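For reference, the chains in residue letters:
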Amino acid sequence: CQASPDKLILKNNTNIMIDNRSPMDRVVKVGSPLNIKAYSFKVVKIESATLPTTWPVDCDLTPNVATIMIQ
């Protein structure tokens, strides 16, 4: 798994798309785990009660493939 870009700074309550271009299903953790089917995507609302905060993004068993700072 890889993220592009691997560092994001977003406003609170922003929607982002997590895209799986792999021929395999993936579990991507952005706050909470998401099951994303092969060649599919999910739209995720990035929100936190505590600001600013930084979330790691994990893909399957690979931790910290990206980071999201929420402001």
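Here the structure is a predicted model, which is why all the values come from computation and not from measurement.

Peer 1: Outline unusual backbone geometry, listing residues and values.
Peer 2: For residues besides glycine, phi is generally negative; the peptide bonds are generally trans as well. Residue P5 follows S4 across a cis peptide bond; omega there is -5 degrees. Its place among the elements puts P5 in the segment before β1 (7–10). In this structure, P52 follows L51 across a cis peptide bond, with omega equal to -15 degrees. Relative to the assigned elements, P52 resides in the loop between β5 (41–46) and β6 (53–59). The phi torsion at N13 lies on the positive side, around 70 degrees, for a residue other than glycine.

Peer 1: Pulling in residues and values, what's your account of the environment of L51?
Peer 2: Mapping L51 onto the fold places it in the loop between β5 and β6. Overall, L51 belongs to the partly exposed group, its relative accessible area being 40%. Contacts of L51, omitting those with residues within four sequence positions, involve N12, I70 and Q71.

Peer 1: Now, about the state of the cysteines: what can you tell me, with residues and values included?
Peer 2: What makes a disulfide is a covalent bond joining the sulfur atoms belonging to two cysteines. Considering all chains together, one arrives at one disulfide under this definition. Here C1 is linked by a disulfide to C59, with a sulfur-sulfur distance of 1.7 Å. Of the two residues, C1 sits in the segment before β1 while C59 sits in strand β6, which places them 58 residues apart along the sequence. Judged by relative accessible area, which is 5%, C59 ranks as buried.

Analysis parameters
Residues numbered from 1 in each chain as written. Predicted model: local features only at pLDDT ≥ 70, side-chain atom pairs only at ≥ 80, totals over all residues. Heavy atoms only, no water. Helix = DSSP H or I, 4+ residues; strand = E, 2+ residues; numbered from the N terminus. Buried < 20%, exposed > 50% of the residue type's maximum accessible area, 1.4 Å probe, protein only. Contact = heavy atoms within 4.5 Å. Disulfide = S-S within 2.5 Å.

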